[in-house]
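What follows is the residue order along each chain.
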Amino acid sequence: MMKKRALMLLLAVVFMFATACSNQSQSDNESKDKGSSEKVKLNMWVFGSTGYEKLAEEYMKNNPNVEIKIQSTQFDDHHNALFTALSAGSGAPDIAMIEVNNIERYREAQDRFYNLYDFGAKDIKDKYLDWKWRIGESADGSFLFGLPTDIGPTAMFYRADVFEAAGLPTDPAEVAKLIPDWNAYAEVAATIKEKTGKPIADNVELVYNALRDQAPVQYFNEKEELLIEKEPYIKQAYDYTVSLIQKGYLGSNGLWTPEWGNAMEKGSYATLLAPAWMQGVVKGNAPNSAGKWLITNMPGGAGNWGGSYLTIPKESKHPQEAYDFIQWLVAPEQQLKSFKDMGLFPSAPSVYEAPEFKDYKDEYFGGVNTAQVFAEAAQKVKTVYMGKNYGLVQGEIIKALTNVQKKKADPEKEWEEAIKRIKRQLERQ
Amino acid sequence: MVSHNHTNATVRPKGLSDKKKTALAGYLFISPFFLLFAIFGAFPMLFSFYLAFQKWNGFGEMTFVGVKNFSLIFTDPLFWKSIYNTIVIGLLGTGPQLIAALILAVALNSAMVKFKSVFRVAYFVPNVTSIVAVAIVFTVLFSEQEAGLVNATLGLFGISPVSWQTSEWGAKIAIATMIFWRWVGYNSIIFLAGLQSIPKDLYEAAEIDGAKKWQQFLFITVPMLKPIIVFVVFTATIGSLQIFAEPLIFGSGFREESMTIVLYLWREAFSNNAFGTASATAVSLFLLIIVFTTINFFASNRLDKSGK
């Protein structure tokens, strides 16, 4: 009896497998039959809130032969999943959004992507900010990984109430005049510290990043050689940040921690050097501080933090259709829509001339035309090569600065230790 | 029944005896596990042994580099620091935890406690809570600011605020506390199961002979629990060598105070794209676990003998 039952079960299993397999092949045949005459299916992976679903609907209405499926995941999961899929050589989508820092990881993996120059991307190059376009290219400029979506030009957010308490002007134009450069920033830091006891910024990282982004070269050159010992800029940024730390002008809340968010609402510090997309973060963390946060130009120039690209992995079977879609999606008209709907800051400067953009006003930020402030910044950003090990170097320098602040460590020794750690890790690649 | 067999007869593999057929059926039934294990367990393990001798960035060609990956990590002070950290955090997290778990289990097993099943569930809840959520909540509790809950509590006793995330001992204690909280309930449930298998008459006999509660605990409970204790110590040792998620989320950005071996491995692979050194770290960890398990094994064997 047992034996019979075992056999029955076995047969049941075999039968199930058999039917499953035959179903599979049937549907395969179906899709093949339809494929030529009907819809091209495009899978697209994005992260965060892009609002691209809505734009895709619009595109599909005008292009009934294309069906776009958008899958949106959280930032880290998105990039890890994409890395795994590309590394394994299967499972990647037809279109993948890649954030600017993450694109550096794929510098050596050109063969996993289509060169968008092969689809005529040269023709639309002039529509976009040059520095943004350059990051999407290979070091020699012959290969284009992705088309630019949004950017993160930086400006100075400041608390008008803290400035007022310190006896300083609060009007954006006057504040910009008051703090044209980093020396003035340090002087204002001294005044604010003296009058209110508050730090000028809540965090070492953002001050250092702001200085770093204004350097003509950063960590690596196009040959992936480490520059921070040869070129003075990064060390200068480090030294300046150290001097503010040692004078007690900087707070010590870690970026993205709950305390850091609370401090935005409480106004326990004076300035936040941050990109355009931080506007949403500030509004979220400080819902009751409308009118207290204002925005003006960053001292000493501008920088960029964040923003993305749309790429077409080599696995895609429909690269032409995918390219047609993304070219449409990042065209200035659509970038204006993304800006209005989701606040994605456009990388096509022609959008900055649009009336919706010129007359933009944000009541939360005291009725300032924030769009114009960031647009100005976007045009001042320097073209810079980041390099595939950018994140590694950044992490070690921030570690050194944190040690100087939290452990009162010797800054010179920490700098040397950081360089040692960086070199040790670079050796392995 | 008969008709079924008859219609299916054509599907049957021909020329197999009934005995072989039963055997085949048996193998087919257990095959899902072995197939899945081969794909998701055995293959990655063997592949990482292979990768340990290659240089690979996740894309492109692998190049054979011999033992260079090992010499790179063995000359890195951070690697040794990560081993030290792992052992210290492991000891801090499991030592007091096992003692507390045993005491909790005995308390739960004693006749005095009411609502036993409520306690049992309550003990177990931390273990099934998402580890990421736990780490985030603890990050808030162990905030470096004066107003952080732990620092504020310490302040009541006149202790000045501790930099939980960036100081050598602060980070270790905070992570060990997370491990303690998460596993103490799990281990006490296992101890409890062991306690319930100890025959009551042993205690009754001891009581008649005039043994006090603590004597009963020391001379009946502990010796009878020895197999359970050995099991718990084994799993806790292996588990603490693999501490990863807590320091990843708690420590800000791969700081050396909270760097454990698995975190080191993870940084190599998924942050630096150096899969060769990451695999070499994995192989070293594998050897280390073997060493620790062997020590455990001999220690518990000796314990067993001295017990008899």
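Residues numbered from 1 in each chain as written. Chains lettered and ligands numbered in written order. Predicted model: local features only at pLDDT ≥ 70, side-chain atom pairs only at ≥ 80, totals over all residues.

Participant: Explanation requested: the overall build of chain B in the structure shown.
Facilitator: Summing up its helical and strand segments, chain B has 14 helices and two strands in all. At 26 Å, chain B has a C-alpha radius of gyration far larger than the 19 Å of a compact globule built from 308 residues. Of all 308 residues assigned to chain B, the portion counted as buried reaches 29%. In chain B, once contacts between residues fewer than 6 apart in sequence are set aside, the share between residues at least 24 apart is 68%. (Helix = DSSP H or I, 4+ residues; strand = E, 2+ residues; numbered from the N terminus. Rg over C-alpha atoms; globule rule 2.2 N^0.38 Å. Buried ≥ 20, exposed ≤ 12 C-beta atoms within 10 Å, placed from the backbone. Contact = placed C-beta atoms within 7 Å.)

Participant: It is not clear to me how the overall build of chain A should be interpreted in this structure. Could you clarify?
Facilitator: Along the backbone of chain A there are 18 helices and eight strands. Taken over the C-alpha atoms alone, chain A extends approximately 85 × 55 × 50 Å along its principal axes. Here chain A holds 429 residues, and the buried ones make up 43% of them. The long-range fraction of contacts in chain A, counting pairs at least 24 apart against all pairs at least 6 apart in sequence, stands at 76%.

Participant: Mind showing me how you'd approach the domain arrangement of chain A here?
Facilitator: One widely used convention gives an interface's size as the accessible area the parts lose upon coming together. Residue and element names in this part refer to chain A. On domain assignment, one finds that chain A holds domain 1 (39-149 + 304-357) and domain 2 (151-303 + 365-425). If you average the C-alpha positions of domain 1 and of domain 2, the two centres end up 29 Å apart. Elements that contribute at least two residues to the side of domain 1 that touches domain 2 include exactly helix 5 (130-135) and strand 7 (304-311). In terms of residue count, helix 5 provides more of the side of domain 1 that touches domain 2 than any other element does, five residues in total. Grouping the constituent residues of the side of domain 1 that touches domain 2 by class yields nine nonpolar, six polar and seven charged. (Domains from an automatic or database assignment. Nonpolar A, V, L, I, M, F, W, Y, C, P; charged D, E, K, R; others polar.)

Participant: Would you mind going over the environment of Gln-327 of chain A with me for this structure?
Facilitator: Residues and elements named next belong to chain A. Relative to the assigned elements, Gln-327 resides in helix 13 (residues 319-329). Taking the C-beta count within 10 Å as the criterion, Gln-327 has 18 such neighbours and is therefore assigned partly exposed. In the structure, Gln-327 is positioned 32 residues away from Asp-359 in sequence and 27 Å away in space, judged by C-alpha atoms. Residues within four places of Gln-327 in sequence aside, it is in contact with Ile-124 and Leu-147.

Participant: Explain the pairing of strand 3 (residues 95-99) of chain A here, please?
Facilitator: Residues in a regular strand point their side chains to alternate faces of the sheet. All names here are of chain A. Counting buried positions over the five residues of strand 3 gives four, a clear majority of the element. Relative to strand 3, strand 1 (residues 40-47) is paired through two bridges, and the arrangement is parallel. Bridge pairing in strand 3 links Met-44 to Ile-95. As paired elements, strand 3 and strand 7 share four bridges and run antiparallel to each other. Looking across to strand 7, one finds that Ile-98 is bridged to Tyr-309. (Pairing = 2+ DSSP bridges.)

Participant: Teacher, can you tell me more about the interface of chain A and chain B here?
Facilitator: Each partner contributes residues to the interface: chain A has 29 residues there, and chain B has 28 residues. It is helix 17 (residues 390-406) of chain A that provides the largest number of residues to the side of chain A that touches chain B, a total of seven residues. Across the side of chain A that touches chain B, the residue classes tally to ten nonpolar, eight polar and eleven charged.

Participant: Would you mind showing me how to read the confidence of the model for chain A here?
Facilitator: Per-residue confidence for chain A gives a mean pLDDT of 88, with 91% of residues at or over 70. Overall, residues 15-36 of chain A carries pLDDT values under 50, and its contacts beyond four positions in sequence, including any with other chains, amount to zero contacts. (pLDDT = per-residue confidence, 0-100.)

Participant: For this particular structure, what's the right way to read the UniProt feature "transmembrane region" (unreviewed entry) in chain B?
Facilitator: Residue and element names in this part refer to chain B. When the UniProt feature table is mapped onto this chain numbering, "transmembrane region" (unreviewed entry) sits at residues 24-53, 83-109, 121-142, 173-195, 216-245 and 274-299. With 86% helix and 0% strand, residues 121-142 has end C-alpha atoms that lie 26 Å from one another. Helix makes up 96% of residues 274-299 and strand 0%, and the two end C-alpha atoms of the span are 38 Å apart. (UniProt positions renumbered as here; feature names shortened; annotations may be inferred.)

Participant: How should I be thinking about the confidence of the model for chain B in this particular structure?
Facilitator: Detailed reading of predicted coordinates is not advised where the pLDDT is low. Residues and elements named next belong to chain B. Chain-level statistics for chain B give a pLDDT mean of 87 and a share of 93% at 70 or above. Highest mean pLDDT in chain B belongs to helix 3 (residues 68-74) (94); lowest belongs to helix 1 (residues 2-8) (47). For this predicted complex, the interface confidence score (ipTM) comes to 0.79, while the overall pTM stands at 0.83.

Participant: Can you help me understand the nonpolar core in this one?
Facilitator: Nonpolar side chains tend to gather and get buried jointly when the protein is soluble and globular. In terms of nonpolar packing, the biggest core is built from 78 residues, with Phe-157, Ile-200, Val-207, Leu-273 and Phe-374 of chain A touching the most fellow members. Looking at this core, the element that brings in the most residues is helix 17 of chain A, giving seven residues. Structurally, this core is a two-domain feature, drawing no fewer than three residues from each of domain 1 (39-149 + 304-357) and domain 2 (151-303 + 365-425) of chain A. In contact with Leu-273 of chain A, other than residues within four places in its own chain, are Thr-154, Met-156, Ala-201, Leu-206, Val-207, Ala-210 and Met-298 of chain A. Core analysis: the second largest hydrophobic core is formed by 45 residues, Trp-56, Phe-79, Ala-171 and Leu-241 of chain B among them. (Core = buried A, V, L, I, M, F, W, Y, C linked by C-beta atoms within 7 Å.)

Participant: Is there a simple way to think about the packing of helix 6 (residues 131-141) of chain B against helix 8 (residues 168-196) of chain B in this case?
Facilitator: Helix packing for two helices is described by the angle between their axes and how far apart those axes are. All names here are of chain B. One can describe the packing of helix 6 onto helix 8 by two numbers: an axis separation of 11 Å at closest approach and a directional angle of 135 degrees. Taken together, the axes of helix 6 and helix 8 lie oblique to each other. The crossing of helix 6 and helix 8 is right-handed. In this structure, helix 6 uses Val-134, Ala-135 and Phe-138 to contact helix 8, whose residues at the interface are Ala-174, Met-178 and Arg-182. Split by residue class, the contact of helix 6 with helix 8 holds five nonpolar, no polar and one charged. (Axes fitted to C-alpha atoms, helices over the stretch in contact; angles between N-to-C directions. Parallel < 35°, antiparallel > 145°, perpendicular 65-115°, else oblique. Left-handed = near helix turned anticlockwise from the far one by under 90°.)

Participant: Can you help me understand unusual backbone geometry in this one?
Facilitator: Leaving glycine aside, a negative phi is the common case for residues, and trans is the common case for peptide bonds. At Glu-224 of chain A, a position not held by glycine, the phi torsion is positive, near 65 degrees. With respect to the element layout, Glu-224 of chain A can be found in the loop between helix 9 (204-213) and helix 10 (233-246).

Participant: Please clarify how helix 11 (residues 226-241) of chain B should be interpreted in this entry.
Facilitator: All names here are of chain B. Spanning 16 residues, helix 11 covers 23 Å between terminal C-alpha atoms, matching the ideal 22 Å at 1.5 Å per step. Among all positions in helix 11, only Ile-229, Val-232, Ala-236, Ser-240 and Leu-241 are buried. Taken end-on, helix 11 shows its buried residues confined to a sector of 155 degrees, consistent with a single buried face. (Expected span 1.5 Å × (residues − 1). Arc of directions from axis to C-beta.)

Participant: Could you clarify how one ought to interpret the pairing of strand 2 (residues 66-73) of chain A in this entry?
Facilitator: All names here are of chain A. Relative to strand 2, strand 1 runs parallel, the two sharing eight bridges. Considered in strand 2, the bridge of Leu-42 is made with Ile-68. Running through helix 2 (residues 52-62), the crossover from strand 1 to the neighbouring parallel element strand 2 is right-handed. (Right-handed = clockwise from strand over helix to strand, strands pointing away.)

Participant: Looking at this model, I keep getting lost on the environment of Ile-103 of chain A. Mind explaining?
Facilitator: Residues and elements named next belong to chain A. Within the secondary structure, Ile-103 is located in helix 4 (residues 100-103). Taking the C-alpha atoms as reference points, Ile-103 and Phe-365, separated by 262 residues in sequence, lie 32 Å from one another. Not counting the four nearest positions on each side in its chain, Ile-103 is found in contact with Ile-98, Ile-135, Gly-136, Phe-145, Gly-146 and Tyr-309.

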